Amino acid sequence: MRAGSGLLRERDFLLFFTARTVSLTGNVVAPLGLAFAVLALPDGTPTQLGLLLSIRTIAQLALVLLGGVLADRFPRRRLIVIGDVAAGCSQAITAALFLSGTVPMGMLAVLAAVNGASSAVSQPAGIAFVPQIVHTEQIQSANALLRLAANVARVGGAFVGGVLVAATAPGWALAADAATFLLSAALLLRIRPRTFPGTGGADDTEKKAGYLAELRAGWAEFRALPWMWPVVAQFAVVNACFGGAVMVLGPTVAQRDWGGPFAWSVVLAAHSAGFVTGSLLALRLRPRRPLRAAVLATFGFAPSYVLLATGAPVWLTAASMLLAGACLDVFEVLWRTAVHTHVPAHAMARVSSYDSLASFVCMPLGLAAAGPAAAQFGTTATLLCSGTLVLLATALSLVSPAVRTLRSAVPSAPPAPEVRTPGPTPRRPGSDD
């Protein structure tokens, strides 16, 4: 925790931490506002809501590789700001449409696509930006703090969104989301990141080839990391199974065995509490082989599938989801730290974009297949099969020697304090962006 508190005293990291916390809080508020705003329309249906959410997701997945190329070509802070401003403007227009009572679905679809595209631009840049504002020995603590911020935002955003939707019109929740994006952009503009070769400076831009050539080069870098693609393949399965079996069939189990949605909300709250617990644990963990530890942690996902399938008591299932959340957050911090310390700086955003695309590309399939599978084979069999697939994918990931043996590149002890001599404060290279 001391390393984390020290980071929060550093101006640039504190600005980035605050900006991400603010915008992530808005990201939790927005789906609540959109859902109730659409369903409150005279002809609003769940199908329309699902269509808008799908359009946003498709736009994000379709453009995330381009976002990776841009983030390795241009200054990353600038791209995050552009993404935040575009997302803020699209949400502001969406809010205005709902508040005015004039809501053309075609326009909402376009705005949803813009919102997804803005995320595709800013997400790879945000991942690759962290090493420009912290030093190598601080990266794992920085990732743990950023995950902690995301998890606190998830809990706080749900509360704020619920209050806004209940006390005002749902459109105001979307307006609040727009404000968080614009505030985030304003905070990011105050950061003065370090620049070094491969971080999107002007010199890098002059040396870049065409976009397709850079995509191919990014794919070559991704394939050349033998520790990366087994874990990405593992999470393609994990995300599909969790999204489909747990998030689609979990409410069905709650309705059938536990009496309704309140019990399911308790289970989800426990999952969120697990995220926070995992972030706090990751602040202290310093495994010599971080990727092996990260993958081993994901075995903690399995109990939740078994307990959901067998209709276990709510408290026991909630405990398993707390464990799953903690294990997932430990994995995320150790994984992100491995990316930051073992992927070349000049390709980090492109590699991260391939990681994101491959890890989540099967999730829509899982969401779509869970219901028909449960209807054909039963909810219990579908949940148990999903849990088995998660265990199998995890075990296969550990077969790779590169996954088991990757060593930590984060020093175990911080460097000696820097001694400053009197005189004017020098500008950091590239501090104009």
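Shown above is the structure to which this text applies.
Fair warning: this is a prediction, and the values are worked out from it, not measured in the lab.

1. Topic: the overall build of the protein
Assigned secondary structure in the protein consists of 18 helices and zero strands. Out of the 433 residues belonging to the protein, those deemed buried represent 50%. Considering only contacts in the protein between residues 6 or more positions apart, those separated by 24 or more positions represent 88%. As displayed, the protein offers around 19300 Å² of accessible surface, 70% of which is attributable to carbon and sulfur atoms.

2. Here we look at the packing of aromatic side chains
Scanning the model with the defined rule gives nine aromatic pairs in all. Ring geometry for F16 and F129: centres 5.5 Å apart, planes at 50 degrees, overall tilted. Here F16, found in helix α2 (residues 11-39), pairs with F129, found in helix α5 (residues 105-129); they are 113 residues apart in sequence, far enough to count as distant. With respect to class, F16 is no different from F129; both count as buried.

3. Examining a positive patch on the surface
A cluster of basic side chains, namely R288, R292, R404 and R407, defines a positive patch on the protein surface. One can find R407 in the segment after α18 (401-405).

4. What about the side chain of S122?
Tracing the backbone shows S122 in helix α5. Judged by relative accessible area, S122 falls into the buried class, the value being 11%. Once residues lying within four places of it in the same chain are set aside, the contact partners of S122 are L79, I80 and G83.

Rules of the game
- All residue numbers here refer to positions counted from 1 along the written sequence of the relevant chain.
- Reporting of local features is limited, given that this is a predicted model, to residues whose pLDDT is at least 70; pairs of side-chain atoms are given and counted only at 80 or more, and all residues count toward the totals for whole chains, interfaces and linings.
- Only hydrogens and water are removed before side-chain values are computed, so all heavy atoms of the structure are retained for them.
- Helix and strand labels come from DSSP, where a helix needs a run of H or I of at least four residues and a strand needs a run of E of at least two; each type is numbered from the N terminus.
- Any residue under 20% of the maximum accessible area for its type is buried, any over 50% is exposed, and the rest in between are partly exposed; the area is computed with a 1.4 Å probe on protein chains only.
- Between two residues, a contact is recorded if the distance between any of their heavy atoms is within 4.5 Å.
- For the accessible areas, the method is Shrake-Rupley and the probe is 1.4 Å, while residue cover comes only from the protein chains on display.
- Aromatic pairing here means that ring centres of Phe, Tyr or Trp (its six-membered ring) are within 6.5 Å. Orientation follows from the plane angle: under 30 degrees is stacked, over 60 is edge-to-face, and everything else is tilted.
- Nonpolar side chains (Val, Leu, Ile, Met, Phe, Trp, Tyr) are joined into patches within 5 Å and like charges within 9 Å, using only residues with over 30% relative accessible area and no salt bridge.
- Salt bridge, as used here, is a side-chain nitrogen of Lys or Arg placed within 4 Å of a carboxyl oxygen of Asp or Glu.
- Charge assignment in this entry is limited to Lys and Arg as positive and Asp and Glu as negative, and neither His nor the chain termini are counted.
- Note that the charge is assigned to NZ on lysines, CZ on arginines, CG on aspartates and CD on glutamates.

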